[in-house]
Amino acid sequence: MFYHFTRFLVRLALPLFFRRLCLINKPAVPARGPVLLASNHPDSFFDAVVIGAVLPQPIHTLTRGDVFRKPKIAYWLRQIYLIPVFRGSEGRQYVKNNTDTFQESLRVMQSDEAVLIFAEGLCVNEWRLRPLGKGTARLAYQAWYGPENLPRLAVVPVGLTYEHYQGAGKRVKVQFGEPMHATQLTTDPADYEKWLREFNDLLADRIRQTMLEVPPGLPAHEQAQALSTYLTDCPVPAASPFTRFLGSVGRAIHRPLYRYLSGRVAARTRGTVFYDSVLFGLLLYLYPVLVLLLSLLVSFGAGVQWGLVVLTGLPLLAWAGNQYR
């Protein structure tokens, strides 16, 4: 229930946060049957938010286990279908729990639902694919050749490319690659380690085909040119003088709130990769409440019709401010 409510809010909020969200090859994701989505991981929890919002089926996402330490937080994370996965640096007592993580993921896929895993493991705000961990390969191996017996499982590569990692007003391209199936690997499954390497090589190649990679150390202007070229098929919305005027009004009205929240979030997340995730999360739940309260105040003071104008007009102006610059 809470998952579907949150996804509903996210789908309303993303057009207010993104300037353009472009989906490429969405039909590659099977509408039915077990699916393992294997994505790059450039923007922390926000990656799961975006992928979960653009697909029709519920998505169960493997997420860093340390955020589940507090029971109250863990409860709400579970409500939005997050599954904890732990790293070796967090201690053996936690890594042992990954057996439960794999079993839960396999049960989800046995129910013909989708699991999302970030194949790199670590998140870094950059435009390149980092070396893949073995988690995705092990999960696919267990599904295909283990007692769960899921030969129908499709492993779908996903590439996320963000125009920037600095809050609202960005273009985002989500591209789905061609699904991987067990029959596409040539290594004998009995040769486990060699099979894992072949799987990762094939998966890395397919993820690279769905995302932008910019060589590290590239000058800023060349980086901007590479982004612009890659996002050619995800153009900014066409604007007229009238829509640009609406956009300027929308930005002017919302600028004080946005600057206050973004400043607080920047201070709290400095040196981490969580800026976009935290800022979007705050706006997702706080903005509708503020708009509703303001519309109620206007209704009491100036009449219900003006309250409705505020209730619908503010989000529309926020959308215009983001789209038309």
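Residues numbered from 1 in each chain as written. Predicted model: local features only at pLDDT ≥ 70, side-chain atom pairs only at ≥ 80, totals over all residues. Heavy atoms only, no water.

## Observations regarding the side chain of Glu148
Short version of the rule: Numbering of helices and strands runs from the N terminus, with a helix taken as a DSSP run of H or I at least four residues long and a strand as a DSSP run of E at least two residues long. The cut-offs for exposure are 20% and 50% of the maximum accessible area for each residue type, with area from a 1.4 Å probe on protein chains only; residues under the lower value are buried, those over the upper are exposed, and the others partly exposed. Neither His nor the chain ends is counted toward charge; the positive residues are Lys and Arg and the negative residues Asp and Glu. Here a salt bridge means any side-chain nitrogen of Lys or Arg lying within 4 Å of a carboxyl oxygen belonging to Asp or Glu. Two N or O atoms count as a polar contact when they lie within 3.5 Å, although within protein this holds only if one can serve as hydrogen donor and the other as acceptor, and sequence-adjacent residues are included solely when both atoms are side-chain atoms. Contact between two residues is taken to exist if any of their heavy atoms lie within 4.5 Å; hydrogens are not considered.
If you trace the backbone, Glu148 turns up in the loop between α6 (135-145) and β6 (154-162). Lacking a salt bridge, the buried Glu148 has Arg107 as its closest oppositely charged neighbour, with an N-O distance of 7.9 Å. For Glu148, the side chain forms a polar contact with the side chain of Gln142, separated by 3.2 Å. When near neighbours in sequence (up to four residues on either side) are disregarded, Glu148 contacts Gln103, Leu106, Gln110 and Gln142.

## Some remarks on the environment of Leu218
In this fold, Leu218 is placed in the loop between α7 (192-208) and α8 (220-230). Considering only alpha carbons, one finds Leu218 and Glu120, 98 residues apart in sequence, at a separation of 22 Å.

## Focus on the pattern of salt bridges
Tallying each qualifying case throughout the model produces nine salt bridges. The closest approach of N and O atoms between Asp233 and Lys173, which form a salt bridge, is 3.0 Å. Here the residue Asp233 occupies a position in the loop between α8 and α9 (241-269), and Lys173 occupies one in strand β7 (residues 170-176), the gap between them amounting to 60 residues. What you see here is one network of salt bridges that share partners, running through Glu126, Arg128 and Arg130.

## Quick notes on the pairing of strand β5 (residues 114-118)
To be explicit about the condition: Here, a strand pair is defined by DSSP locating no fewer than two bridges between the strands.
Within β5, five of the five residues are buried, which leaves it mostly tucked inside the rest of the structure. Residues Ala114, Leu116 and Phe118 point to one face of β5 and Val115 and Ile117 to the other, with burial holding for every one of them. Relative to β5, strand β2 (residues 35-39) runs parallel, the two sharing five bridges. The residue of β5 that forms the bridge with Ala38 is Ile117. Both strand β3 (residues 59-64) and β5 contribute to a ladder of three bridges, which runs parallel. Its bridge partner lying in β5, Thr61 is registered against Leu116.

## Considerations on the state of the cysteines
Spelled out, the test is: Note that a disulfide, as used here, is simply two cysteine sulfur atoms within 2.5 Å.
In the structure shown here, the tally under the stated rule is one disulfide. Between the sulfur of Cys22 and that of Cys234 lies a disulfide, 2.1 Å long from S to S. Taking the torsion about the sulfur-sulfur bond, which here is approximately 85°, the covalent link between Cys22 and Cys234 counts as right-handed. Of this pair, Cys22 sits in strand β1 (residues 18-24) while Cys234 sits in the loop between α8 and α9; the two residues are 212 residues apart in sequence, bridging distant segments of the chain. Assigned by exposure class, Cys22 and Cys234 land together as buried.

## Regarding the nonpolar core
Selection rule: Throughout, nonpolar core names a set of buried Ala, Val, Leu, Ile, Met, Phe, Trp, Tyr and Cys residues whose side chains join them through atoms within 4.5 Å.
Counting 46 residues, the largest nonpolar core has Leu37, Leu55, Phe176 and Phe280 as its most contacted members. When neighbours within four sequence positions are excluded, Phe176 is seen to be in contact with Ile24, Asn25, Lys26, Ala28, Val29, Val54, Leu55, Val156, Pro157, Val158 and Thr210.

## Topic: the confidence of the model for the chain
Cut-off, in case you're wondering: Per residue, pLDDT measures the predictor's confidence, with a range of 0 to 100.
For the chain, per-residue confidence averages 92 on the pLDDT scale, and residues scoring 70 or more make up 96% of the total. β6 holds the highest mean pLDDT among the elements of the chain, 98, whereas helix α4 (residues 92-95) holds the lowest, 55.

## A closer look at the packing of aromatic side chains
Basically, it comes down to this: Here a pair means two rings of Phe, Tyr or Trp (six-membered ring of Trp) with centres within 6.5 Å. Their orientation is stacked below 30 degrees between planes, edge-to-face above 60, and tilted elsewhere. Charge over a ring is defined by NZ of Lys or CZ of Arg lying within 6 Å of the ring centre and within 35 degrees of the ring normal.
Counted by the stated rule, this structure contains 20 aromatic pairs. On the basis of an interplanar angle of 80° and a centroid distance of 6.1 Å, the ring pair of Trp144 and Trp195 is categorised as edge-to-face. Taken together, the residues span a long stretch of sequence, with Trp144 in helix α6 and Trp195 in helix α7 at a distance of 51 residues. Just as Trp144 is buried, Trp195 falls in that class too. Ring pairing ties together the aromatic residues Phe17, Phe18, Phe46, Trp127, Tyr162, Tyr165 and Phe280, which thus form one cluster. Positioned above the aromatic ring of Tyr230, the side-chain terminus of Lys173 is 3.9 Å from the ring centre.

## Considerations on the packing of helix α1 (residues 2-17) against helix α11 (residues 304-323)
Helix-helix packing is characterised by the crossing angle of the two axes and by the distance between the axes. Applicable threshold: To obtain each axis, a line is fitted to C-alpha atoms, and for helices this fit is confined to the stretch in contact; angles are then taken between N-to-C directions over 0 to 180 degrees. Oblique is the label for any angle not covered by the other classes, which are roughly parallel (under 35 degrees), roughly antiparallel (over 145) and roughly perpendicular (65 to 115). The classification used treats Ala, Val, Leu, Ile, Met, Phe, Trp, Tyr, Cys and Pro as nonpolar, Asp, Glu, Lys and Arg as charged, and all other residues, Gly among them, as polar.
Packing of α1 against α11 leaves a shortest axis separation of 7 Å and a crossing angle of 45°. As far as their axial angle goes, α11 and α1 are oblique. Together, Pro15, Leu16 and Phe17 of α1 and Pro315, Ala318, Trp319, Asn322 and Gln323 of α11 make up the contact between the two elements. Broken down by class, the residue content of the contact of α1 with α11 amounts to six nonpolar, two polar and no charged.

## A short note on a nonpolar patch on the surface
To keep it simple, the criterion reads: What goes into a patch is any residue over 30% in relative accessible area without a salt bridge, connected to like charges within 9 Å or, for nonpolar side chains (Val, Leu, Ile, Met, Phe, Trp, Tyr), within 5 Å. Note that accessible areas follow from Shrake-Rupley with a 1.4 Å probe, and for residues the cover is restricted to the protein chains shown.
Judged by side-chain polarity, Val289, Leu292, Leu293, Leu296, Phe300, Val304, Leu308 and Leu311 come together as a nonpolar surface patch covering roughly 780 Å² of accessible area. Of all the secondary-structure elements, those providing two or more residues to the nonpolar patch are α10 (275-302) and α11. When residues of the nonpolar patch are assigned to their parent elements, the largest contribution, five residues, is made by α10. With respect to the helices and strands, Leu296 occurs in helix α10.

## Considering the packing of α9 against α11
Selection criterion: By convention, the crossing between two helices is left-handed when the near helix turns anticlockwise from the far helix through less than a right angle, and right-handed when the turn is clockwise.
Direction vectors running N to C along α9 and α11 enclose 110°, while the axes themselves pass 7 Å from each other. The orientation of α9 relative to α11 falls into the category roughly perpendicular. Our pair here, α9 against α11, has a crossing hand that is left-handed. In contact with Leu246, Gly247, Val249, Gly250, Arg251, Ile253 and His254 of α9, α11 contributes Leu314, Leu317, Ala318, Ala320 and Gly321.

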